[in-house]
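Coordinate inspection notes
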Amino acid sequence: MLVFGDQLQCERAMSAVLVYIHDWCRKWRLAVNCDRNKTEILIIRPKGSSDQPVPPQQLKLGNKNISFTKNSKVLGVYIDCNLNFVTHAADVLKRCWHNWNLLTSMTSRMSGINSSGLSLLFKTVILTKILYAAPVWLRYRTDFFKYFISRARLKITGGQVHIAKPLSELLSCVPPIDVLVETVVTKFVMKGLTAGDLSLIHI
């Protein structure tokens, strides 16, 4: 990682790096896709910085322009210029509401999918979306999903009014999102720490 004093200094360094990359790709006859959403410039500001990212001078890879963006989707996760993941959390929440409403549109307290079926659907279809790449972003954005999950628990349990939170968690078999996140993060860390160490596989 390189740290620069200002944006101009960073742009000069990036120009030099792009020249090197272009020469290397030409040598090995490789083509780089410079279309938007494939190769982009994202300026990430230090935490707490009040400065807004400004478009840099036009950077090129060979004769191809590289687009400037304030957020970019990388492996399904929106990375924004402040690393606060608000854009990603809002996108995930929107998709979760849509999918959950589709799954439960034909279910009521009297007919449709029973509680155990709804719980299973929620865990396999909805929670997997929320917990995707959770160690990267979700610890800082759990507040986005608490209301949605409370409404889902209400639907799963078939209740007409909200019951005590611990009871709804127990009846719906859906733990608090903070617990889910810590579980995923712990598994991720343990997997990294034990990678390649066969003696720890059965612990």
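To keep things clear, this report deals only with the structure shown in the data block.

Parameters at a glance
Every residue gets a number counted from 1 within its own chain, in the order that chain's sequence is written. Restriction of local features to residues with pLDDT of at least 70 applies here, the model being predicted, together with a cutoff of 80 or more for giving and counting side-chain atom pairs; totals for whole chains, interfaces and linings are based on all residues. Side-chain numbers here rest on the full set of heavy atoms in the structure, without hydrogens or water. Runs of E in the DSSP output that reach at least two residues are strands. Runs of H or I that reach at least four are helices, and both are numbered from the N terminus. Only protein chains enter the calculation, and the probe is 1.4 Å; a residue is then buried if its accessible area is under 20% of its type maximum, exposed if over 50%, and partly exposed in between. The contact rule is simple, with two residues in contact once any of their heavy atoms fall within 4.5 Å. Accessibility throughout is a Shrake-Rupley quantity obtained with a 1.4 Å probe, and a residue counts as covered only by protein chains that appear here. Counting of polar contacts relies on pairs of N or O atoms within 3.5 Å, with two restrictions inside protein: one atom must be capable of donating a hydrogen and the other of accepting it, and residues adjacent in sequence are counted only when both atoms are side-chain atoms. Note on aromatic contacts: the rings of Phe and Tyr and the six-membered ring of Trp form a pair at centre separations within 6.5 Å, being stacked when their planes are under 30 degrees apart, edge-to-face when over 60 apart, and tilted otherwise. The angle between two axes is taken between their N-to-C directions and runs from 0 to 180 degrees, where each axis is a line fitted to C-alpha atoms and a helix contributes only its stretch in contact. Just so you know how the angles are binned, under 35 degrees is roughly parallel, over 145 roughly antiparallel, 65 to 115 roughly perpendicular, and the rest oblique. Residues are grouped as follows: Ala, Val, Leu, Ile, Met, Phe, Trp, Tyr, Cys and Pro are nonpolar; Asp, Glu, Lys and Arg are charged; every other residue, Gly included, is polar.

1. Observations regarding the overall build of the chain
- The secondary structure content of the chain amounts to seven helices and six strands.
- Beginning at the N terminus, the succession of helices and strands in the chain can be written as α-β-β-β-β-β-β-α-α-α-α-α-α.
- Relative to its full complement of 203 residues, the chain shows a buried share of 30%.
- When contacts within the chain are restricted to residue pairs at least 6 apart in sequence, those whose partners lie at least 24 apart make up 61%.
- In the form shown here, the chain has an accessible surface area of approximately 13,700 Å², with 60% of it arising from carbon and sulfur atoms.

2. Side note on the environment of Thr 142
- By the element assignment, Thr 142 lies in the loop between α4 (134-137) and α5 (146-157).
- Expressed as a C-alpha distance, the spacing of Thr 142 and Ala 89, which sit 53 residues apart in the sequence, is 8.7 Å.
- A distance of 3.4 Å separates polar atoms of two side chains, one belonging to Thr 142 and the other to Asp 178.

3. Some thoughts on the packing of aromatic side chains
- Applying the stated criterion to the full structure yields five aromatic pairs.
- On the numbers, 5.2 Å between centres and 80 degrees between planes, the contact of Trp 100 with Phe 122 is edge-to-face. Within this pair, whereas Trp 100 is found in helix α2 (residues 86-104), its partner Phe 122 is found in helix α3 (residues 115-131), the two being separated by 22 residues in sequence.
- Classification of Trp 100 by relative accessible area gives buried; the value is 3%.
- You can call Phe 122 buried: its relative accessible area is 0%.
- Measuring from centroid to centroid gives 6.1 Å for Phe 122 and Phe 148, while their planes differ by 35 degrees, and the two rings are tilted. Linking Phe 122 in helix α3 with Phe 148 in helix α5, this pair joins segments that are 26 residues apart in sequence.
- Among the aromatic residues, ring-to-ring pairing joins Trp 97, Trp 100, Phe 122, Tyr 147 and Phe 148 into one connected group.

4. Focus on the packing of α2 against α5
- The contact between α2 and α5 brings their axes to 11 Å, and the two run at 10 degrees. Of the possible angle classes, the one that applies to α2 and α5 is roughly parallel. Facing α2, whose interface residues are Leu 93, Cys 96, Trp 97, Trp 100 and Thr 104, α5 presents Tyr 147, Phe 148, Arg 151, Ala 152, Lys 155 and Ile 156.
- Counted by class, the contact of α2 with α5 contains eight nonpolar, one polar and two charged residues.

Everything listed here is a matter of geometry and, on its own, says nothing about what the molecule does.
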